[in-house]
Every structure is written in C-alpha cells, then in structure tokens.
Amino acid sequence: LQVELAQYKYLLPRLSGMGKSLSRQGGGIGTRGPGETKLESDKRHIRERISRLQHELDQVRQVVTREELTALQDQAERDSLTKLLNKNAGRRYAEEYFAQFSSNLSCALLIIDLDDFKLVNDQYGPLFGDSVLSQAAREIKKLFRNQDIIARIGGDEFAIICADMSQEEFNAKMEEEKKHLWENE
C-alpha cells in the first residue's frame, strides 16, 4: 500500500506539465464527463486512489498500534524471567479483585518463599539460579487455575490469590498438591 501510495503521489504533480499535449475528449459543460480533459480525469482518479490508499493505511496502522499496545502492556505487567505477573501488576490485579469482593465470596492468599535460595546463586551461579526460578514459576503455575492471580513479588518470593475459593477447598487442593510433589521427588 505504501509503495503504491508513493507512486501516485510522485505521479500526480508530474501530470500538470502534460496538459498542452492533451485536448478535450469531447463537448460538454463542466469539469467532469465528456467535457473533461484526459489530464483532468487522470488527476481526479489519482487523487481518489490516493485518498483510498491513505484511508487503508490508517486502518492498518490502527491495528498494528493496538497489537503493539497489547504487547507493551503485557511486557510491562510480566516478570521477564518467570513470565508471571510482576509485583506491581499482581498488586493491581489483586486490588481490582478485592474492589469487587463481596461478603459471600472467599479467596485464599498464599506466599511462597524458596528457602535458602541465595545459597543456590552463591554455589551454582546466577544463571543456574535463574533457571531454578523459571522452573519453579512453571511448576507453581501448573498448580493453580487460570483465574488465580500468580505474581513474582520478590527475588525468590511468589504470591498467589486463589479467587472464589473457600478455606476448605484451598486446604484440599494443597493436600492434593503435596502428594503430587512427594510422588515426583
């Protein structure tokens, strides 16, 4: 679209000098129809095509802009290492959830801290530590539902808000997951 638009914009002013060699196509009154010169007709068609192309390009730019905006927003809300919500986004989502929270809804809050994680970094290096954090985040994400809010809130700390879940449901879920974790070790 951009190439075609540029070609027409280039061509339009160059048609002006060609008027002497072109004569009227036929009789008639007015600038359009049989009395219009070939040059005038070409200019009109080119201006109309330029207008349509500019409109189409504006529409394409709006779509790209929305996609870029969504990608930028996602990038701003996500922790670059774990791909979980970052601390600020996790807080905002939690505040939005609690703002609509009613007395008949319940939720569970879980804070996970990887004990002595500093020793992993010190002993094996930060790249290995990053790998452990990424794997931990993937495993944590598998344990919870899509509607739960899962965020990395610190170096080795994660917060999970299990929306619309009673204490009993949460306890049962945790017991089930403990069994699952022990079986995989």
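Each remark here, short or long, concerns the structure printed above.
Residues numbered from 1 in each chain as written. Predicted model: local features only at pLDDT ≥ 70, side-chain atom pairs only at ≥ 80, totals over all residues. Heavy atoms only, no water.

### What about helix α2 (residues 38-77)?
So, point 1. Taking 1.5 Å per residue as the helical rise, α2 with its 40 residues ought to reach 58 Å, and the 58 Å between its terminal C-alpha atoms agrees with that figure.
So, point 2. Taken together, the buried positions of α2 are Leu39, Ser41, Lys43, Arg44, Ile46, Ile50, Leu53, Leu57 and Glu77. (Helix = DSSP H or I, 4+ residues; strand = E, 2+ residues; numbered from the N terminus. Expected span 1.5 Å × (residues − 1). Buried < 20%, exposed > 50% of the residue type's maximum accessible area, 1.4 Å probe, protein only.)

### Some thoughts on the layout of surface pockets
So, point 1. Of the pockets and cavities examined, the second largest pocket occupies roughly 240 Å³.
So, point 2. Residue lining of the second largest pocket: Arg78, Leu84, Leu85, Tyr93, Lys141, Phe144, Arg145, Asn146, Gln147, Asp148, Ile149 and Ile150, and that is the complete set.
So, point 3. Of the residues that constitute the lining of the second largest pocket, the class distribution is 6 nonpolar, 2 polar and 4 charged. (1 Å grid on protein atoms, 1.4 Å probe; cavity = no way out; pocket = protein on both sides within 12 Å on 5 of 7 lines; lining within 4 Å. Points joined across faces, edges and corners; volume = space filled by probe spheres on them. Nonpolar A, V, L, I, M, F, W, Y, C, P; charged D, E, K, R; others polar.)

### Remarks on the nonpolar core
The tendency in soluble globular proteins is for nonpolar side chains to be buried as a group.
So, point 1. Core analysis: the biggest nonpolar cluster contains 16 residues, and Phe144, Ile160, Cys162 and Phe170 have the highest contact counts within it.
So, point 2. Looking at which element gives the most residues to this core, the answer is helix α5 (residues 126-143), with 4 residues.
So, point 3. If sequence neighbours within four positions are ignored, Cys162 has contacts with Ser106, Cys107, Ala108, Phe144, Arg145, Asp148 and Phe170.
So, point 4. In terms of nonpolar packing, the next biggest core, distinct from the first, is built from 8 residues, Ala89, Tyr97, Ile149 and Ala163 among them. (Core = buried A, V, L, I, M, F, W, Y, C linked by side-chain atoms within 4.5 Å. Contact = heavy atoms within 4.5 Å.)

### Things to note about the sheet that holds strand β1 (residues 107-113)
So, point 1. Pairing within the open sheet is antiparallel, and its 3 strands lie in the order β1-β3-β2. Unpaired on one side and paired on the other, β1 and β2 (149-152) mark the two borders of the sheet. Strand-to-strand twist in this sheet, taken as the mean axis angle between neighbours without regard to direction, amounts to 10°.
So, point 2. Where β1 and strand β3 (residues 157-163) come together, 7 bridges link them in antiparallel fashion. Residue Asp113 lies in a different strand from β3, and its bridge partner there is Glu157. (Pairing = 2+ DSSP bridges. Axes fitted to C-alpha atoms, helices over the stretch in contact; angles between N-to-C directions.)

### A few points about a negative patch on the surface
So, point 1. A surface patch of negative charge is lined by Asp113, Asp115, Asp116 and Glu157.
So, point 2. Its place among the elements puts Asp113 in strand β1. (Patch = residues over 30% accessible without salt bridge, like charges linked within 9 Å, V, L, I, M, F, W, Y side chains within 5 Å. Areas by Shrake-Rupley, 256 points an atom, 1.4 Å probe, with all protein chains shown as cover. Salt bridge = Lys/Arg side-chain N within 4 Å of Asp/Glu carboxyl O. Lys, Arg positive; Asp, Glu negative; His and termini not counted. Charge placed at Lys NZ, Arg CZ, Asp CG, Glu CD.)

### Side note on the environment of Ser51
So, point 1. In this fold, Ser51 is placed in helix α2.
So, point 2. Residue classification places Ser51 among the partly exposed residues on the basis of a relative accessible area of 44%.

### Brief notes about the packing of helix α4 (residues 117-124) against α5
So, point 1. Where α4 meets α5, the closest approach of the two axes is 7 Å, and the angle between their N-to-C directions is 140°. The angle between the axes of α4 and α5 places the two elements in the oblique class. Contact residues: Phe117, Val120, Asn121 and Tyr124 in α4; Pro126, Phe128, Gly129, Val132 and Leu133 in α5.
So, point 2. Tallied by class, residues from the contact of α4 with α5 come to 7 nonpolar, 2 polar and no charged. (Parallel < 35°, antiparallel > 145°, perpendicular 65-115°, else oblique.)

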